[in-house]
Amino acid sequence: MSTSFHLYLKKDKPLKNGEYPVYLRITSNRKHKYLSTGVSVAEKLWNPKKEQVSKTHPNSKAVNQILKSKVKKAEETQSELILYGKDNAKAIKDRLKAIEGTDFFTFAEEYLDKKKTTGKHSQLVQGTVAFNKIEEFEGSRYLPFSQIDSEYLNEFQNFLIYNHKNKPSTVKKTFQPIKAVIKRAIKDHLIHVDPFLNFSIVKNTNPPPKTKLSIEQIQEFEKIDTDGQFWLEHTRNAFLFSFYSAGIRFGDICCLKWKDIEEGRLYYQMNKNEKVFSTELNSYQLQILTKYSGTGDDYIFPFLSNVKKYEDPILLRKEIGSCNTMVNKSLKKLRELINASITKSNSNTPKITKKVTFHVSRHSFAQHAIQQGLDIYELMQTLRHAKLE
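A short tour of the structure in this document, coming up. These figures come from a predicted structure and were not determined experimentally.

### Some details on the overall build of the protein
Thinking step 1. Regarding its fold elements, the protein presents 13 helices and eight strands.
Thinking step 2. Long-range contacts, defined as pairs at least 24 residues apart, comprise 58% of the intrachain contacts of the protein with a sequence gap of at least 6.
Thinking step 3. As displayed, the protein has an accessible area near 22,400 Å², and 49% of this comes from carbon and sulfur atoms.

### Remarks on helix H7 (residues 215-223)
For the α-helix, the turn length of 3.6 residues means that residues three or four positions removed from each other point alike.
Thinking step 1. Within the sequence span of H7, burial applies to Gln-217, Ile-218, Glu-220 and Phe-221. All buried residues of H7 fall inside an arc of 150° around its axis, so they share one side.

### Points about a positive patch on the surface
Thinking step 1. A cluster of like positive charges, contributed by Lys-114, Lys-120, Lys-179, Lys-183 and Lys-187, occupies part of the molecular surface.
Thinking step 2. Per element, the largest residue contribution to the positive patch is three residues, and it comes from helix H6 (residues 168-187).
Thinking step 3. Position of Lys-187 relative to the elements: it lies in helix H6.

### Here's the deal with unusual backbone geometry
Thinking step 1. At Arg-30, a position not held by glycine, the phi torsion is positive, near 70°.
Thinking step 2. Assessed through its relative accessible area of 80%, Arg-30 is described here as exposed.
Thinking step 3. A positive phi angle is found at Asn-346, which is not glycine, with a value near 55°.
Thinking step 4. With respect to the helices and strands, Asn-346 occurs in the loop between helix H11 (313-345) and helix H12 (360-371).

### Some words on H6
Thinking step 1. Compared with an ideal rise of 1.5 Å per residue, which puts 20 residues at 28 Å, H6 spans 28 Å between its outermost C-alpha atoms and is within 8% of the ideal.
Thinking step 2. Bending of H6 peaks at approximately 25° at the position of Gln-176, with proline Pro-177 no more than four residues after it.
Thinking step 3. The set of residues buried in H6 consists of Val-171, Thr-174, Phe-175, Pro-177, Ile-178, Val-181, Ile-182 and Ala-185.
Thinking step 4. Buried residues along H6 sit against helix H3 (104-117), helix H4 (121-138) and helix H5 (150-163).

### Thoughts on the sheet that holds strand S8 (residues 276-280)
Thinking step 1. Spatial ordering of the open sheet is given by S6-S7-S8, a layout of three strands whose pairing is antiparallel. Here the strands that pair on one side only, and so sit at the sheet edges, are strand S6 (261-262) and S8.

### Side note on the packing of aromatic side chains
Thinking step 1. Evaluation of the coordinates by the stated rule reveals 28 aromatic pairs.
Thinking step 2. Geometrically, the ring pair formed by Phe-221 and Phe-239 is stacked, given 4.9 Å between the ring centres and 25° between the ring planes. Highlighted residues: Phe-221 in helix H7 and Phe-239 in helix H8 (residues 230-244), separated in sequence by 18 residues.
Thinking step 3. Exposure remark for Phe-221: the relative accessible area of 0% places this residue in the buried category.
Thinking step 4. Residue classification places Phe-239 among the buried positions, given a relative accessible area of 0%.
Thinking step 5. Each member of the aromatic cluster is reached from another via a ring pair, and the members are Phe-221, Phe-230, Trp-231, Phe-239, Phe-241, Phe-250, Tyr-292, Phe-301, Phe-303 and Phe-358.
Thinking step 6. Sitting over the face of the ring of Tyr-23, Lys-10 holds its NZ or CZ atom 5.3 Å from the ring centroid.
Thinking step 7. Above the plane of the ring of Tyr-8 lies Arg-25, whose end atom (NZ or CZ) is 5.3 Å from the centre.

### Observations regarding the sheet that holds strand S3 (residues 31-41)
Thinking step 1. Spatial strand order, S1-S2-S3: three strands in an open sheet with antiparallel pairing. At either margin of the open sheet sits one strand with a lone partner, and together these are strand S1 (3-9) and S3. Here the average twist between neighbouring strands, direction ignored, is 20°.
Thinking step 2. Two strands pair when backbone bridges link them, and S1 and strand S2 (residues 20-28) are joined in this way by seven bridges, in the antiparallel orientation. Each bridged residue has a counterpart across the sheet, and for Leu-9 the counterpart in S2 is Val-22.
Thinking step 3. Sheet contacts for helix H1 (residues 60-82): S1, S2 and S3; angle to S1, the most-contacted strand, approximately 155°.

### Describing the pattern of salt bridges
Thinking step 1. Counting across every chain of the model gives eleven salt bridges.
Thinking step 2. Between Lys-11 and Glu-43 there is a salt bridge, with the nearest N and O atoms lying 2.9 Å from each other. With Lys-11 in the loop between S1 and S2 and Glu-43 in the loop between S3 and strand S4 (46-47), the pair connects residues that are 32 residues apart, well separated along the chain.
Thinking step 3. For Lys-11, a relative accessible area of 49% corresponds to the partly exposed category.
Thinking step 4. By relative accessible area, Glu-43 is classed as partly exposed at 39%.

### Here we look at the nonpolar core
Thinking step 1. Phe-221, Phe-239, Phe-241, Ile-253, Phe-301 and Phe-303 are the most contacted members of the largest nonpolar core, which has 45 residues in total.
Thinking step 2. When contributions to this core are tallied by element, the ones reaching two or more residues are H7, H8, helix H9 (250-255), strand S7 (265-269), helix H10 (283-289), H11 and H12.
Thinking step 3. Counting residues per element, this core draws most heavily on H11, at eight residues.
Thinking step 4. Beyond its immediate stretch of four places on either side in the chain, Phe-239 contacts Leu-213, Ile-218, Phe-221, Leu-331, Val-356, Thr-357, Phe-358, Val-360 and Ser-361.

The rules we used
- Residues numbered from 1 in each chain as written.
- Predicted model: local features only at pLDDT ≥ 70, side-chain atom pairs only at ≥ 80, totals over all residues.
- Heavy atoms only, no water.
- Helix = DSSP H or I, 4+ residues; strand = E, 2+ residues; numbered from the N terminus.
- Contact = heavy atoms within 4.5 Å.
- Areas by Shrake-Rupley, 256 points an atom, 1.4 Å probe, with all protein chains shown as cover.
- Buried < 20%, exposed > 50% of the residue type's maximum accessible area, 1.4 Å probe, protein only.
- Arc of directions from axis to C-beta.
- Patch = residues over 30% accessible without salt bridge, like charges linked within 9 Å, V, L, I, M, F, W, Y side chains within 5 Å.
- Salt bridge = Lys/Arg side-chain N within 4 Å of Asp/Glu carboxyl O.
- Lys, Arg positive; Asp, Glu negative; His and termini not counted.
- Charge placed at Lys NZ, Arg CZ, Asp CG, Glu CD.
- Expected span 1.5 Å × (residues − 1).
- Bend = angle between axes of the 7 residues up to and from the residue.
- Pairing = 2+ DSSP bridges.
- Phe/Tyr/Trp six-rings, centres within 6.5 Å; stacked < 30°, edge-to-face > 60°.
- Lys NZ or Arg CZ within 6 Å of the ring centre and 35° of its normal.
- Axes fitted to C-alpha atoms, helices over the stretch in contact; angles between N-to-C directions.
- Core = buried A, V, L, I, M, F, W, Y, C linked by side-chain atoms within 4.5 Å.

Put into structure tokens, the structure is as follows:
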């Protein structure tokens, strides 16, 4: 089995100081594994042919010595594993990580690669943001697991709160991918004590109530004149369709196709948990659908292109994310138009004072359903939630 080791700049992971991390590529039987060396360098100071920093680097001798030692250790590790018949790229990488005390960012890269491969775009973005904050806090993209304890987590949390002005909800989201990486390291027996055991994530003692619209305010959406403006028109229609469809999420609304409607029923698969849901179309849904036309694989709402092929799940989530941004901006404008209309007509309907996002259609349906006597269990089934908060 042929095994080779090469050093290269990971140019898709630029650091904030303009440098690129140097990675060790382990190739065995045409399979590759990658390991951070903990060294970073500007592209102009890297010699790709010699796989080392150029002599113009102020610390070229010391840095190149570190890189040579990394390659030498990899070769020695391979020689040891040959005795056990396990000198494949993965085994070599795993052994090197254990020998070097393990680097948090090496595991973090694996976490991001997995999210990208499985098409979990939101978790990919969340993880990227979280790991970049740790890099900023640490000052480099190298962090041995041995340094991460409850005190370290507390200091990082204070950094998020006081330097980034993060709210408790944002702090909690930041720690989610970090905790996943730590959990993986514990599973691989690279950490023996979970640093999260004696650490408490800051809590939001007074979480803001979720915005919910009354049925009268929903009806104001139906009456508002969008003057044929593309984003206002289709945002209004999709928002109402979601409400009258038990709160379909925006990502699922985007992916609805005409083939999902059969014999007066709507069938769709919720992206969040991949469960197929079916509902009988009501008069409100049917009225909205008369505004559109199409067949088979055509999308019902014109947020996604019928020409493009969204085979790459990452591309699909990015496209939906871009559309969601435009839709939420349009909802802000619609709210302003509705409030102006309420004022002009002296309506008894209360103005919409809080920010409206597409997800508000889901919260509003839940409120209306409970007011109409739907019990919590039935509502959970309708919304396909494991629990309701």
